[in-house]
Amino acid sequence: MKNISLKVSFLVLLLGLVDAQPKKNNWDIYSFHINCSVSGRYATTLIASRVANRMNESKEIEFHVRIPKNAFISKFRMFLDGQYYDGAVKAKEEAQQQYTGAVSRGESAGLVRAVGRTLEEFKTSVNVAAHQKVTFELTYEELLKRKHGKYKVQIHAQPMQPVKDFKVDVYIKEKEGINLLQVKGSLSSSGLNDTITKTLADKEASVHFYPTVEQQKTCSGCGGKGLDGDLIVVYDVNRDEPFGEIEVSEGYFVHHFAPSNIPRIPKSVVFVIDQSGSMHGRKIEQTRIALLHILSDLAEEDFFGLISFDSSIFHWKPELVQATPGNLEDAKAFVRNIRDRGATDINDAVLQGTRMLKVSSRPGVASILVLLTDGDPTSGVTNLEVIQSNVREAIAGSFPLYCLGFGFDVNFDFLKKMSLQNSGSARRIYEDSDADLQLQGFYEEVATPLLTDVTMIYVGGANLTQTNFSQYYNGSEIVVAGEITNNDIETFSPGAVAFSRTKKIIFEKATPIKERPEAVSDVHIQRVWAFLTVKQLLDKELQASGPERETIKKKALELSLMYSFVTPLTSMVVTKPPGENADVLDKPKEDKESLHTQGYLAHSPPYPSGRFMLTRPRPKGAKVHTAPSRGSAFRPGLGSSPPSLKDLSYGNLLQVVQPPIVDQEDVFYYGADHADLDHSPPFILSTFIAPTDIPPTGVLISHRFLLKGQPVPICFDVDGNITLKLLHVPDRDLIVTGELGHFQSEGFLWVTIQLTADLDIRIGPGDITVHDHGQRSVYTQEEHNITVGSLTVTKHNREVDVVAGDVRIVILLHESHGKPFLWPVLKERPNNNENLEGILGLKPTSYEEVQQTPVTKVKINDREIDVIRSTATDHSAASSSPVDCWWMAADDALQRPLNHFTV
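Residues numbered from 1 in each chain as written. Predicted model: local features only at pLDDT ≥ 70, side-chain atom pairs only at ≥ 80, totals over all residues. Heavy atoms only, no water.

## Here we look at the overall build of the protein
When helices and strands are counted, the protein shows 11 helices and 57 strands. Expressed as a percentage of the 903 residues in the protein, the buried residues total 58%. Expressed as a percentage of contacts within the protein between residues at least 6 apart in sequence, the contacts between residues at least 24 apart total 71%. Carbon together with sulfur atoms contributes 48% to the accessible area of the protein, which is approximately 35800 Å² in total. (Helix = DSSP H or I, 4+ residues; strand = E, 2+ residues; numbered from the N terminus. Buried < 20%, exposed > 50% of the residue type's maximum accessible area, 1.4 Å probe, protein only. Contact = heavy atoms within 4.5 Å. Areas by Shrake-Rupley, 256 points an atom, 1.4 Å probe, with all protein chains shown as cover.)

Dropping the structure here:
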């Protein structure tokens, strides 16, 4: 019997001061408790943090917390000056009106939310008087999912300072009995293992983690900022009865169905793999790696097929073949040769995969269709609703479709709806160093089918959650909840019917169902029903339309309000003491488009576990901009507005900072009053790189450039730590080159100006070096004037002015995350500029926008090119401002090979 695993994941972040970095003894988290109680796989977690303001003046104290995406917040309260301030769950529209009203009055209301790979972050704050204390308490609930045969309670603790009274308590109570209890994670093996105690006694288990202040300072990886790591509790339950356990209390029931002593069913699986141009680089490489591992895991009785697609469809074999050693080796050779190219024809690819499965249908075999794509359809049928209709009609309930969306350029709602319509599910694969493991992890969840066509039956039951399941896989679990009609347990009769290979199996309860005594009534059973019902109604809402959708939405909203769940339809309004404005805690969706209406995200520092917070709602009339990849350099503070673009000068450089490994995506906007592009330069250069100090293994640095010529410029990406030809004036042998920064910088490390073979000037962030006929001179003063031949270099404050005849370049010195970098700006072009070469010498690019839906296309020199909306940040002046752009491949944008611009 494999272990069952359940996951409760959360990260408690910094509690700090809004207007200043915390100094020693300014504020103190003197008590930090996490209490997680699990009963019947339903986890209720309470986070309580007590903070004291040690300063002689009042300060705004913030509370940050991360919780699992699958969870619902159900309670929040603050205790301050002897009084409790409780949050109230309201319909999202009502909460938003309250928030918008505060904003229109010029008040700071602080709508907050963000999304990560497995976590969501929430934040609120309150003004605390000098030498006073505040207590924050947040409760969230989650029905734990069984994946890979395990239940897992994962706690990431990061209070950002050693805490005198630090406690983590996990209590588990399972009616079936617990047969395994383990503690894992970095906090259990970093010199802290002796601070962990665990107990296991039949149906109950507990884990306690109580490190001392000294241990929080000295543990491996802790440092002076205290704990920073994971505590993972893994447990398993007994499953003596194949029918599973049914819990009943106060007219509600919950049934956990996970039979394990059943032979596996052979499967037929077709993998439909996107190999379009947007899969270039690490995505296609990780896909190949994952597929090679997956092929190795196929059982010989399985049958499989491979389809790769761009604007054309490529079959490894026209029909399914058995997973024999010889066929697997041939298939691996096909996988190794998958190369990115072309557009994206999702419709034809999925229909071809469906045809393969139907033609090769065999009795007693579980059929599975898996689609992996990283973008929207751009070839063939591109209307999303038509594609969904075609796929639904073709599959016709015969087998499940699983959609894997790679990255954030994909329309995830489109994939999710299409998979739900075909008894499957959608999963986002994050562009990260472990993307191949994510793909393998998904496959392992569906690798071993045990039952097909599962129907759960509850005579005497009402208001049931989902009861029909296409397939049941080893290591998973089916959970059904509902009401017992008239609370009459005598007439309540559960059962299940399913197929194993060609054999029909009937499951029945072997022992009588008994309701818990009134003295030990378990209210969590009713909450499990409400939790599951709301989750499934939200999925149905996505698939429905018109009046049906409104009816489903209304029912989901009513239940969310009744049980105080913060769902996509509700928000929690956090009340505060008189004189302060309420905050709104809002559950986000993961998809990029869902964040557009909420404002822009800022992140600092941009680490893989990035602390993201949504700081301000989008004002009326503001424009929204999204990047085709995740990350940004635009980090506006509270109340800040991006500066006007009117001051952009000819040849300015813009920059987008994009960490290649982050759990979140960024969303940017600027108000309509800042969108005047009438005086924008015809050419702008931009770059984005990973701002992390130490690059992840195998991560390729990327830089972004913009070609300005119209209100929305064109942008493209260049990979590698390279030297670019910035400017070349052939008739005077003036050559300007720039070395793009590595992982420790965000712009140019050096700019070199060469006049002759024996004369050049190299400008860096801290000095200027002149090489004149073998003589080397270094200038490090803050202000200096250098004249060499016909070249004059003037250094003043944070810029270097370079003049060579009628050419003038200003090199600005910027700083990001404490690291300086250079930013060259072409201020004056030579009079005879027809033969200019280099990035700064490019002329404005003219294009025509020829299509907007379902994918935008622009025409350059009579050639239509697919583009994606992106963004950049201007570093040509002291302040930064965002500019949106149309992204395309470098060769398409330049209309010539990129190597023409590299040195």
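## Let's talk about the sheet that holds strand S27 (residues 461-462)
The strand order across the open sheet built from 4 strands is S17-S18-S29-S27, with neighbouring strands paired in antiparallel fashion. Of all strands in the sheet, those bounded by a partner on one side alone are strand S17 (245-249) and S27. Two elements, S27 and strand S29 (residues 478-484), share 2 bridges in a ladder whose sense is antiparallel. Looking at S29, one finds that Gly461 is bridged to Ile484. (Pairing = 2+ DSSP bridges.)

## Concerning the confidence of the model for the protein
For the protein, per-residue confidence averages 78 on the pLDDT scale, and 78% of positions sit at 70 or higher. Below pLDDT 50 for its whole length, residues 106-112 participates in 27 contacts with residues either more than four positions away or in separate chains. Residue range residues 592-700 is modelled with pLDDT below 50. Its contacts to residues more than four positions away, or to other chains, number 369 contacts. (pLDDT = per-residue confidence, 0-100.)

## Concerning the pattern of salt bridges
By the definition in use, this model includes 28 salt bridges. The partner of Arg355 in a salt bridge is Glu319, with the nearest N and O atoms 3.7 Å apart. With Arg355 in helix H5 (residues 346-359) and Glu319 in the loop between strand S21 (313-315) and strand S22 (321-322), this pair connects stretches of sequence that are 36 residues apart. The partner of Glu541 in a salt bridge is Arg549, and the shortest N-O contact between them spans 3.8 Å. (Salt bridge = Lys/Arg side-chain N within 4 Å of Asp/Glu carboxyl O.)

## Considerations on the sheet that holds strand S30 (residues 493-500)
Taking strand neighbours across the sheet as the criterion, the 4 strands line up as S28-S26-S30-S31 in an open arrangement whose pairing is antiparallel. Because the sheet does not close on itself, it has two edges, and the strands there are strand S28 (468-473) and strand S31 (503-508). When strand polarity is set aside, the average angle formed by the axes of neighbouring strands in this sheet is 30 degrees. When S30 meets S31, the two strands line up antiparallel, connected through 6 bridges. Each bridged residue has a counterpart across the sheet, and for Ser500 the counterpart in S31 is Lys503. (Axes fitted to C-alpha atoms, helices over the stretch in contact; angles between N-to-C directions.)

## A short note on the environment of Glu94
If you trace the backbone, Glu94 turns up in helix H1 (residues 92-104). Looking at Glu94, the relative accessible area reads 44%, which means it is partly exposed. Sequence separation of Glu94 and Ser571 is 477 residues, and the distance between their C-alpha atoms is 8.7 Å.

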